[in-house]
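# Structural overview
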Amino acid sequence: MLRVNKPTSEINRDFPEADGSASQTLTSYLEIVRRQFPTMVAIVSACVIVALLYLFTAAPQFTSTASMVIDTRKVQLFQQQSVLGDIAVDSATVETQVEILKSENISLAVIRDLHLIDDPEFTGSGGGLLGSVVGFIGDLFSDGHAQSEFELTRKALERFEKNRTIKRLGLTYVMEIGFTSKDPAKAAKIANSIADAYIVDQLEAKYQATRRASVWLQDRIKELRTQASAAQKAVVDFKTANNIVDTGGRLMNEQQLAEVNSQLILAHAATAEAKARLDRMNEIQKQDVPDANVADALKNDTIVKLRGQYVDMASKESIWSMKYGPDHLAAVNLRRQMAEIKKNIQDELGRIQQSYKSDYDIAVTREEAIKSSLANVVSESQLTNQAQVQLRELESNAQSYQAMYDNFLQRYMESVQQQSFPITEARVISAATMPLKKSYPKTLIILAASLFGGFLLAFGAAMARELTDKVFRTTGQVEDVLGANCIAILPVLGGAAGALSEKVLLGKRAKKDNPEPDLLRYVVDNPLSRFSEAVRSVKVAVDLNAIVRENRVLATTSTLPNEGKSTLSTNLAQLMAHGGARVILVDADLRNPSLSRALVPDAKIGLVDVVAQKVRLEDALVVDSETKLSILPAGTTSKLLHTNEILASKAMHALVTELRSKFDYVVLDMPPMAPVVDVRVTSSFVDSYVFVVEWGRTKIDVVSHNLRGSPEIQDKLLGVVLNKADTKALARYESYHGRYYYQKYYARYGYVE
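Reading the values: the criteria
Residues numbered from 1 in each chain as written. Predicted model: local features only at pLDDT ≥ 70, side-chain atom pairs only at ≥ 80, totals over all residues. Heavy atoms only, no water. UniProt positions renumbered as here; feature names shortened; annotations may be inferred. Helix = DSSP H or I, 4+ residues; strand = E, 2+ residues; numbered from the N terminus. Buried < 20%, exposed > 50% of the residue type's maximum accessible area, 1.4 Å probe, protein only. Contact = heavy atoms within 4.5 Å. Areas by Shrake-Rupley, 256 points an atom, 1.4 Å probe, with all protein chains shown as cover. Pairing = 2+ DSSP bridges. Axes fitted to C-alpha atoms, helices over the stretch in contact; angles between N-to-C directions. Phe/Tyr/Trp six-rings, centres within 6.5 Å; stacked < 30°, edge-to-face > 60°. Lys NZ or Arg CZ within 6 Å of the ring centre and 35° of its normal.

If you check an unreviewed UniProt entry, the chain appears there as non-specific protein-tyrosine kinase from Bradyrhizobium vignae. Under Catalytic activity (unreviewed entry), UniProt gives the following word-for-word description of the chain: "L-tyrosyl-[protein] + ATP = O-phospho-L-tyrosyl-[protein] + ADP + H(+)".

Okay, structure coming up:
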């Protein structure tokens, strides 16, 4: 049975440990690169050539950059609180300004100011070969009418936005404005114009916003003025209607109530004081003569004088009474005078008492009057308090309207002033200058990108070729897929010979003026060629196999026609015969005896006649005069329908047995296996089969299928010969089979390819 081994890639998929290390994977990729090296070089070269063509034809571009910052510090000159309120500058604000810079409003302003619609760079086809081609194609499909101003503007805007770059530098408040143009001076001018247009746009936006705010404030101020006047008039009318009068910021009834209350307190104190004096006087009157403290307290000169006289007389009376006795006339006169003085003191005290009593009565009367007045004021105040609640509400409304009016009036004055202030948070910190070097195309980057892209494309193409390459190219493939030894690799014989099929070359041999090499005698004509060495390796394999078992009858076959089996069988037989062995070459391809037509074109009898016992074997043989090779042509096969029956007949067996006895080697040129079944019936008398596969041409699955369906052939399979191999290409698959591996040896010893 045929033993078909799995390819190495399938074995590795079944057994992950067989994948090996990363170095083995790298080695496999390197092998792919080595095998597909010409293709990869061609693709990479094509990419580099395209890049070079682009570099030579592309118009140079220059990029100029300006830097702008959004200053978070307020401008101190004329600095006021904005009418619209100040917005904090944060990251989102900066990103918003970046988008404003990218807006069509800014772009159209620059296009309009610099008249870019008249610039061919913005409205033409563009620079370089590609731009010219695109413009030419566009002209072909245009209807010939002139473009309108709107169309030119939109076209210029599209080109403008394509060449403009706006970006924020990191997390800073700095924005970078760049523009790319074929003219370096134009690039710098446009970049600065974008920054100027942005600043003008910001100023215009602030002016318009402030102007709209001013107009709205004017209308609001008029409305508030009317409302404030109406509120103040309502307060005055309410005070008049309710008899509410302000005096020094207070209501009159409130002031009256405070004053009357103060008077009542004073009157009550005066009444208490008058009553205290009256009570004290009543206590004093109970004394005959007030003592000195009382007299001094009354502060009455008369009483003080009388009391002094009374004291002097009392002193004298005491002296006189003690000296002359109490009845002395002088003592009696003194006592009478003392009584008179006492009476005068009492009269004076009575007068003072009446005065105090009068003051007390007056104070009481006054206090009562004030109490009555206070009661009246309190009654009036209670009536006024109810109206005062509404009055306060009216006054509050009036004050609110007045405050709003004053505030809006102040804002209006500020807005009028701010309309003339050219202040904005953005400012240019680095103006764009004319660049000295082109920014595009970048030669090194494009070449590096072309090399890298070419390598990726080439590697992808190489992998695709590897995956789609389902033919035999190496001895390892033969051994892994077919489970058989690859005993030789035959090189293609010359450019023209290699390009033609075996059938055509065999037909050319009959012509005497054929300049092509004689394939059927190549080992004889070129004994030191690599082809001859490969045929010798086949003979060595035959001889080595003969040590194990008899190996004298050889059959060469292939899967499909024109794979070179007839060429191999002829040259193998020629090589053996040229070495002195007795060899017979039998054309057993009864369906298409091309070997007979090439070697013995005039033969009338052959194998078919010998098997049919119409002629003797000796009569059908043709002997080569140089190598002494015996040739048995196929004979007349045009009317044969069942060639397999002839090959499987007893007569055929008898013929092969006879040939064994007469020759050292019997080489049978068999038909291909795929079209016919003739080869399978010969396994009973063939010792070994040599299977020919065309290198890089015959599909693996076709060969596997045919051998799998012919186990009797596989059991006697000597080996596989890869024919028509391209030695240059083979060197990329197996270096030891390549031309470079042999060329030093060939050059030294005169070998030829």
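After that view of the structure, there is still more to cover.
### Side note on the overall build of the chain
When its secondary structure is counted, the chain shows 29 helices and 14 strands. Of all 753 residues assigned to the chain, the portion counted as buried reaches 40%. Counting contacts in the chain only where the partners sit at least 6 residues apart, residues at least 24 apart contribute 81% of the total. Total accessible area computed for the chain in this model is approximately 41,400 Å², and 57% of it derives from carbon and sulfur atoms.

### A look at the UniProt feature "transmembrane region" (unreviewed entry) in the chain
Here the UniProt feature "transmembrane region" (unreviewed entry) sits at residues 37–56, 444–462 and 482–501. Taken end to end, residues 37–56 has its terminal C-alpha atoms 28 Å apart, with 100% of it in helix and 0% in strand. Note that residues 444–462 is 100% helix and 0% strand, and that its end C-alpha atoms are spaced 26 Å apart.

### Re the sheet that holds strand E7 (residues 486–491)
The eight strands are arranged E7-E14-E13-E8-E12-E9-E11-E10 in an open sheet whose pairing can be described as mixed. Every other strand in the sheet has two partners, leaving E7 and strand E10 (622–623) as the edge strands with one partner each. In the sheet, E10 pairs with strand E11 (residues 630–632) via two bridges, with the strands oriented antiparallel. Paired with valine 623 across the bridge in E11 is serine 630. Sheet contacts for helix H15 (residues 475–482): E7 and strand E14 (717–725); angle to E7, the most-contacted strand, approximately 140°.

### Considering the sheet that holds strand E6 (residues 426–430)
With antiparallel pairing, the four strands of this open sheet are ordered in space as E2-E3-E1-E6. Edge positions in the sheet fall to strand E2 (164–168) and E6, since each of these pairs with one other strand and no more. Each strand of the sheet is rotated relative to its neighbour by a mean of 30°, with strand direction disregarded. Of the pairings in the sheet, the one linking strand E1 (residues 62–70) to strand E3 (residues 174–181) comprises eight bridges and is antiparallel in character. Residue pairing across strands places alanine 66 opposite isoleucine 177, the latter belonging to E3. Of the strands in this sheet, E1, E2, E3 and E6 are in contact with helix H9 (residues 184–241), which crosses E1 at around 20°.

### Digging into the packing of aromatic side chains
The relation between two aromatic rings is expressed through the spacing of the ring centres and the mutual angle of the planes. Per the stated rule, a full pass over the model turns up six aromatic pairs. Plain terms: the ring middles of tyrosine 54 and tyrosine 440 are 6.4 Å apart, the flat faces sit at 70° to each other, and that makes the pair edge-to-face. You can see tyrosine 54 sitting in helix H3 (residues 37–57) and its partner tyrosine 440 sitting in the loop between E6 and helix H14 (443–468), a full 386 residues away along the chain. On the accessibility criterion, tyrosine 54 (29% relative accessible area) is partly exposed. Look at tyrosine 522 and phenylalanine 531: their rings are 5.4 Å apart centre to centre, the planes differ by 85°, and that puts the pair in the edge-to-face class. For the pair tyrosine 522 and phenylalanine 531, a shared accessibility class is recorded, and that class is buried. A connected cluster of aromatic rings, assembled from ring pairs, spans Phe122, Phe160 and Phe179. Geometry around tryptophan 695 places arginine 473 over its ring, the cationic atom sitting 5.0 Å from the centre.

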